[in-house]
Amino acid sequence: PAVGRVFSGIQPTGVPHLGNYLGALESWVTLQDEYSSVLYSIVDLHSITQPQDPQLLRDNILDMAASLLACGIDPARAVLFQQSVVQEHAELCWILGCLTSLPRLRHLPQWKMKSKQKSEGSVGLYTYPVLQAADILLYKSTHVPVGEDQVQHLELAQNLARVFNTRYGPVFPQPRALLSSTQKVKSLRDPSSKMSKSDPQTLATIFLTDTPDDIVLKIRRAVTDFTSEVTFDPENRPGVANLVSLHAAVTGCTVDEVVGLSVGLDTGEYKGVVAEAVVERLRPIRTEIQRLRADRAYLHSVLEQGAETARCLATMVMEEVRKRVGF
Ligand code: ADP
Ligand code: NA
């Protein structure tokens, strides 16, 4: 494996959906073999930027842990931990926040999006990119897998590493983006938007715990069009193109290969083929999530062990940071 430290985080939103899996988690699994040090955090401090029910949050943290393990995150090769139990995240966030100007934050998409909404967000909602920067820099991370929508937030982390190093001396390496190459998975009901857990439309989102029947139904109801052949034309036929790229992603084939295999099928028949491929791909993951969910003691022990390692790394870096700052 390459020398480097990978860091990424995911909010404890419960069981991930197919978009999360194909767009992020699948590559998290691969990265375990590619880099010498890998940390994955269930970022619960980020979750509370919006109101959360405490018991639901606790359950969601365990569900996310079960899901990550079921997807192939291996505690022997990756440090899997809950963000809030490593208190240094909050401490470094404060220090970095003192190096962040408001205009710098206002340039971020998060700020722009939220300022368009009617209700005022919390301070935490606006400063969460600073917490993300702290998450990354706390471990002197060198590589950060991100979706395109997160690139500007990573730029803030890079910027804050430079600002800190300039003011206090060289502590942080520049974290580099590992850009996800996979197409965004689109909503099954509205292929102009991405698949999302918060999509209010029923049947739009496939979750990793969906039963084969759920998956077949959702794909059967997926929005397509009035042309019967299977082609890949995201511009003019976004619904069918979404099915094709899903099919390619879950089978590991190229888009051209799956289109080639689908010659002679109409889109209705093709939905059956795609559904079967998705069902088969998710079957072992779903089974494993169910098994792990029932073993809370094991989940707690994995998170405990991850927290210990993360804390140890974080303590060392913060000792250096605190000395540089003058504490
Ligand atoms: P959601 O949109 O459901 O709220 P998040 O924003 O929590 O999902 O995203 C978690 C991770 O999953 C991020 O790395 C994000 O880029 C990825 N992701 C989310 N939705 C999709 C999608 N539809 N297709 C591909 N990747 C996605
Ligand atoms: Na989101």
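Residues numbered from 1 in each chain as written. Chains lettered and ligands numbered in written order. Predicted model: local features only at pLDDT ≥ 70, side-chain atom pairs only at ≥ 80, totals over all residues.

Our working definition: UniProt positions are given in the numbering used here, feature names are shortened, and annotations may be inferred rather than shown by experiment.
The protein chain appears in an unreviewed UniProt entry as Tryptophan--tRNA ligase, mitochondrial from Electrophorus electricus. Comment text from UniProt for the protein chain, heading Function (unreviewed entry), reads "Catalyzes the attachment of tryptophan to tRNA(Trp) in a two-step reaction: tryptophan is first activated by ATP to form Trp-AMP and then transferred to the acceptor end of tRNA(Trp)." In UniProt, the protein chain has this text filed under Subcellular location (unreviewed entry): "Mitochondrion matrix".

### Section: the domain arrangement of the protein chain
For clarity, the cut-off: The start and end points of each domain follow an automatic or database-based domain assignment. Residue pairs are scored as contacts if the distance between their C-beta atoms, which are placed from the backbone, is within 7 Å. Residues are grouped as follows: nonpolar covers Ala, Val, Leu, Ile, Met, Phe, Trp, Tyr, Cys and Pro; charged covers Asp, Glu, Lys and Arg; every other residue, Gly included, is treated as polar.
Here the domain parsing of the protein chain yields domain 1 (2–184 + 296–325) and domain 2 (212–290). One C-alpha centre belongs to domain 1, the other to domain 2, and the line joining them spans 32 Å. At the junction of the two partners, domain 1 supplies 8 residues and domain 2 supplies 5 residues. Residues belonging to the side of domain 1 that touches domain 2 are distributed by class as follows: 5 nonpolar, 3 polar and no charged.

### Describing the site of ligand 1
Filter applied, for reference: Only the C-beta atom matters for nearness: placed from the backbone, it must lie within 6 Å of the molecule or strand for the residue to count as near. Numbering of helices and strands starts at the N terminus; helices are DSSP runs of H or I of at least 4 residues and strands are runs of E of at least 2.
Close contacts around ligand 1 come from 17 residues, with Gly-19, Gly-23, Ala-24, Gly-147 and Met-195 the closest. The dominant element in the shell around ligand 1, judged by the number of residues it contributes, is helix 1 (residues 18–34), at 5 residues. In the shell around ligand 1, the residues fall into 5 nonpolar, 9 polar and 3 charged.

### Section: the environment of Val-43
Locating Val-43 in the fold gives a position in the loop between strand 2 (35–42) and helix 2 (44–47). In this structure, the C-alpha to C-alpha distance between Val-43 and Phe-81, residues 38 residues apart in sequence, is 8.7 Å. Leaving out residues up to four positions away in the same chain, Val-43 has contacts with Gly-9, Ile-10, Gln-11, Gln-83 and Asp-135.

### A look at the packing of helix 3 (residues 54–71) against helix 13 (residues 296–325)
Inclusion rule: Here an angle of 0 to 180 degrees is reported between the N-to-C directions of two axes, which are lines fitted to C-alpha atoms, with helices fitted over the stretch in contact. Throughout, the term roughly parallel applies to angles under 35 degrees, roughly antiparallel to angles over 145, roughly perpendicular to angles from 65 to 115, and oblique to all others.
Closest axis-to-axis distance for the helix 3/helix 13 pair is 10 Å, and the angle between their directions is 80°. It follows that helix 3 is roughly perpendicular to helix 13 by the angle criterion. Taken together, the residues of helix 13 that come into contact with helix 3 (itself represented by Leu-62, Ala-65, Ala-66 and Leu-69) are Arg-296, Leu-299, Val-302 and Leu-303. Its residues assigned to classes, the contact of helix 3 with helix 13 comprises 7 nonpolar, no polar and 1 charged.

### What to know about the confidence of the model for the protein chain
Note the cut-off: Here pLDDT means the predictor's own confidence in every residue, given as a number from 0 to 100.
Scored by pLDDT, the protein chain has a mean of 95; 98% of the residues are at 70 or more. Interface confidence for the predicted complex, expressed as ipTM, amounts to 0.94; the pTM equals 0.96.

### Some thoughts on helix 12 (residues 267–293)
Operational definition: For a helix, the expected span equals 1.5 Å multiplied by the residue count minus one. Bend, at a single residue, is the angle you get between axes fitted to the 7 residues ending at that residue and the 7 residues starting at it.
The end-to-end C-alpha distance of helix 12, which contains 27 residues, comes to 36 Å, matching closely the 39 Å that a straight helix rising 1.5 Å per residue would cover. Along its length, helix 12 reaches its greatest deviation from straightness, about 40°, at Leu-282, and the proline Pro-284 lies no more than four positions downstream.

### Considerations on helix 7 (residues 123–137)
This is how the line gets drawn: Exposure is read from a count of other C-beta atoms within 10 Å of each residue's own; the residue is exposed at 12 or fewer, buried at 20 or more and partly exposed in between. C-beta atoms are placed from the backbone.
Its 15 residues give helix 7 an end-to-end C-alpha distance of 21 Å, which sits within 8% of 21 Å, the value for a rise of 1.5 Å per residue. Residue Pro-129 marks the point of greatest curvature in helix 7, where the axis turns by about 40°. Most of helix 7 is tucked away, with 11 of its 15 residues classed as buried. Listing the buried residues of helix 7 in full gives Thr-127, Tyr-128, Pro-129, Val-130, Leu-131, Gln-132, Ala-133, Ala-134, Asp-135, Ile-136 and Leu-137.

### So, the nonpolar core
Rules: By definition, a nonpolar core groups buried Ala, Val, Leu, Ile, Met, Phe, Trp, Tyr and Cys residues that are joined through C-beta atoms within 7 Å.
Ranked by size, the top nonpolar core spans 90 residues in total, and within it Ala-65, Leu-137 and Val-278 carry the most contacts. When residues of this core are assigned to domains, at least three map to each of domain 1 (2–184 + 296–325) and domain 2 (212–290). Each residue touching Ala-65, except ones within four places of it in the same chain, is listed here: Ile-42, Leu-80, Leu-299, Val-302 and Leu-303.

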